[in-house]
Amino acid sequence: MRNFVAGQEAHGDTEFAELALGIDIDLFRGPLEPETDDERAAREDAARDILADLREEAANGDEIAGWDALYADALTHTVPFLRAARGHRSAAGEAA
């Protein structure tokens, strides 16, 4: 079965959520691969600006923007599982 959102085919759950909600998950959560300090700073700045815009739209009565802001904010408090596992494994290796 194929899933389409706004005329675009979604390949997987993550892409479906991104198309349906208009939220780039990697922007708010962080990518699965390592990023430089400069890349992370730029990504976090962009995410803060977008989140502020969503909150402003929500305050002006846009309910969808409010839900998007809640989702985006929740993503900023998560760590991709693979990145967390790699960090845990390295820390465990150093302790041994």
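Conventions used here
- Residues numbered from 1 in each chain as written.
- Predicted model: local features only at pLDDT ≥ 70, side-chain atom pairs only at ≥ 80, totals over all residues.
- Heavy atoms only, no water.
- Helix = DSSP H or I, 4+ residues; strand = E, 2+ residues; numbered from the N terminus.
- Contact = heavy atoms within 4.5 Å.
- Patch = residues over 30% accessible without salt bridge, like charges linked within 9 Å, V, L, I, M, F, W, Y side chains within 5 Å.
- Areas by Shrake-Rupley, 256 points an atom, 1.4 Å probe, with all protein chains shown as cover.
- Salt bridge = Lys/Arg side-chain N within 4 Å of Asp/Glu carboxyl O.
- Lys, Arg positive; Asp, Glu negative; His and termini not counted.
- Charge placed at Lys NZ, Arg CZ, Asp CG, Glu CD.
- Buried < 20%, exposed > 50% of the residue type's maximum accessible area, 1.4 Å probe, protein only.
- Axes fitted to C-alpha atoms, helices over the stretch in contact; angles between N-to-C directions.
- Left-handed = near helix turned anticlockwise from the far one by under 90°.
- Polar contact = N/O pair within 3.5 Å; in protein donor to acceptor, adjacent residues only side chain to side chain.

For this particular structure, what's the right way to read the environment of leucine 51?
Relative to the assigned elements, leucine 51 resides in helix 3 (residues 37–59). Placed 17 residues apart in sequence, leucine 51 and aspartate 68 show a C-alpha to C-alpha distance of 8.6 Å. If near-sequence neighbours (up to four positions away) are discounted, leucine 51 is found in contact with Phe28, Ala69, Ala72 and Asp73.

Help me understand a negative patch on the surface, please; the structure alone is not making it clear to me.
A grouping of Asp49, Asp53, Glu56, Glu57, Asp62 and Glu63 is seen on the molecular surface, where their side chains present a negatively charged patch. The element that contributes the greatest number of residues to the negative patch is helix 3, accounting for 4 residues. With respect to the helices, strands and loops of the structure, glutamate 63 is situated in helix 4 (residues 63–75).

Looking at this structure, how should I read the pattern of salt bridges?
Note on pairing: side chains with opposite charge can pair once their charged atoms come close. Across all of its chains, the model carries 5 salt bridges by this definition. With a closest N to O distance of 2.2 Å, aspartate 26 and arginine 29 form a salt bridge. Of this pair, aspartate 26 and arginine 29 both sit in helix 2 (residues 25–29), 3 residues apart, roughly one helical turn. Overall, aspartate 26 belongs to the partly exposed group, its relative accessible area being 31%. Between arginine 48 and aspartate 45 there is a salt bridge, with the nearest N and O atoms lying 2.4 Å from each other. Of the two residues, arginine 48 and aspartate 45 are both situated in helix 3; the distance of 3 residues between them amounts to about one turn of the helix.

I'm lost on the packing of helix 3 against helix 4 in this one. Help?
Pairs of packed helices are described in terms of their axes, by the angle between the two and the distance that separates them. Interhelical geometry of helix 3 versus helix 4 gives an angle of 150° and a closest axis separation of 8 Å. Viewed along their axes, helix 3 and helix 4 form a crossing whose handedness is left-handed. Within the contact between the two elements, helix 3 uses Leu51, Leu54, Arg55, Glu57 and Ala58 and helix 4 uses Ala65, Gly66, Asp68, Ala69, Ala72 and Asp73.

Would you take a moment to explain the side chain of arginine 43 for this structure?
Mapping arginine 43 onto the fold places it in helix 3. Owing to a relative accessible area of 14%, arginine 43 belongs among the buried residues under this scheme. A distance of 2.7 Å separates polar atoms of two side chains, one belonging to arginine 43 and the other to glutamate 35. In this structure arginine 43 touches Asp26, Leu27, Phe28, Arg29, Gly30, Pro31 and Glu35, once residues within four positions along its chain are discounted.

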